[in-house]
Amino acid sequence: QVQVVESGGGLVQPGGSLRLDCAATGSTLDIYDMGWSRQAPGKQRELVAYSTRSGSTNYADSVKGSATISRDNAKNTVFLQMNSLKPMDTVVYYCLAVNQSREFWGQGTLVTVSS
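Residues numbered from 1 in each chain as written. Predicted model: local features only at pLDDT ≥ 70, side-chain atom pairs only at ≥ 80, totals over all residues. Heavy atoms only, no water.

## Observations regarding the packing of aromatic side chains
Scanning the model with the defined rule gives zero aromatic pairs in all. For the cation-ring pair, Arg-19 lies above Phe-79, with the distance from its terminal atom to the ring centre recorded as 4.4 Å. A cation sits over an aromatic face here: Arg-45 above Tyr-94, 4.2 Å from the ring centre. (Phe/Tyr/Trp six-rings, centres within 6.5 Å; stacked < 30°, edge-to-face > 60°. Lys NZ or Arg CZ within 6 Å of the ring centre and 35° of its normal.)

What follows is the structure, encoded as structure tokens:
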């Protein structure tokens with residue numbers, strides 16, 4: 001079994017920055033993708049960014065140029081650096097880890113962008 005725990009959310013002013021942190025534990029040897037999604041109440045979940053074990057990355061158009069994902073395979077950790085945050089970025093962010101058969105999700109961490 002894989003457990004996923006994320007942190008780093010909180011209150012930030014418009015134009016500010018946050019780094020979200022995530023760690024996968026348990027049976028992690030077969031994890032090949034890790035990334036971040038977000039979901040506002042009443043809306044569909046959006047895949048924000050993900051990284052493969054080989055280092056390939058992918059970003060949603062909405063965060064290109066303002067977010068950077070990084071990963072440490074040895075530690076099974078993944079991070080999302082977000083800059084130039086806007087009020088529309090106020091949402092719950094979820095970390096995910098993927099193996100050959102399943103997706104594992106964290107509990108979520110709330111980012112609030114407000115002055």
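## Considering the nonpolar core
Among the nonpolar cores identified, the biggest contains 28 residues, and Val-4, Trp-36, Leu-80, Met-82 and Tyr-93 are the most heavily contacted of them. Counting residues per element, the ones that place at least two in this core are strand S1 (2-7), strand S3 (18-26), strand S4 (33-39), strand S5 (46-52), strand S7 (67-72), strand S8 (77-82), strand S9 (91-98) and strand S11 (109-113). Setting aside chain neighbours within four positions, we find Met-82 in contact with Gly-16, Ser-17, Leu-18, Leu-20, Ser-66, Ala-67, Tyr-93 and Val-111. (Core = buried A, V, L, I, M, F, W, Y, C linked by side-chain atoms within 4.5 Å. Buried < 20%, exposed > 50% of the residue type's maximum accessible area, 1.4 Å probe, protein only. Helix = DSSP H or I, 4+ residues; strand = E, 2+ residues; numbered from the N terminus. Contact = heavy atoms within 4.5 Å.)

## Section: the state of the cysteines
Here the structure, examined in full by the defined rule, presents one disulfide. Here Cys-22 engages in a disulfide with Cys-95; their sulfurs sit 1.9 Å apart. Since a negative S-S torsion denotes a left-handed disulfide, the Cys-22-Cys-95 link at about -85 degrees is left-handed. One end of the pair, Cys-22, is in strand S3; the other, Cys-95, is in strand S9, and 73 residues separate them in sequence. By relative accessible area, Cys-22 is classed as buried at 3%. According to the relative accessible area criterion, Cys-95 is buried, its value standing at 0%. (Disulfide = S-S within 2.5 Å.)

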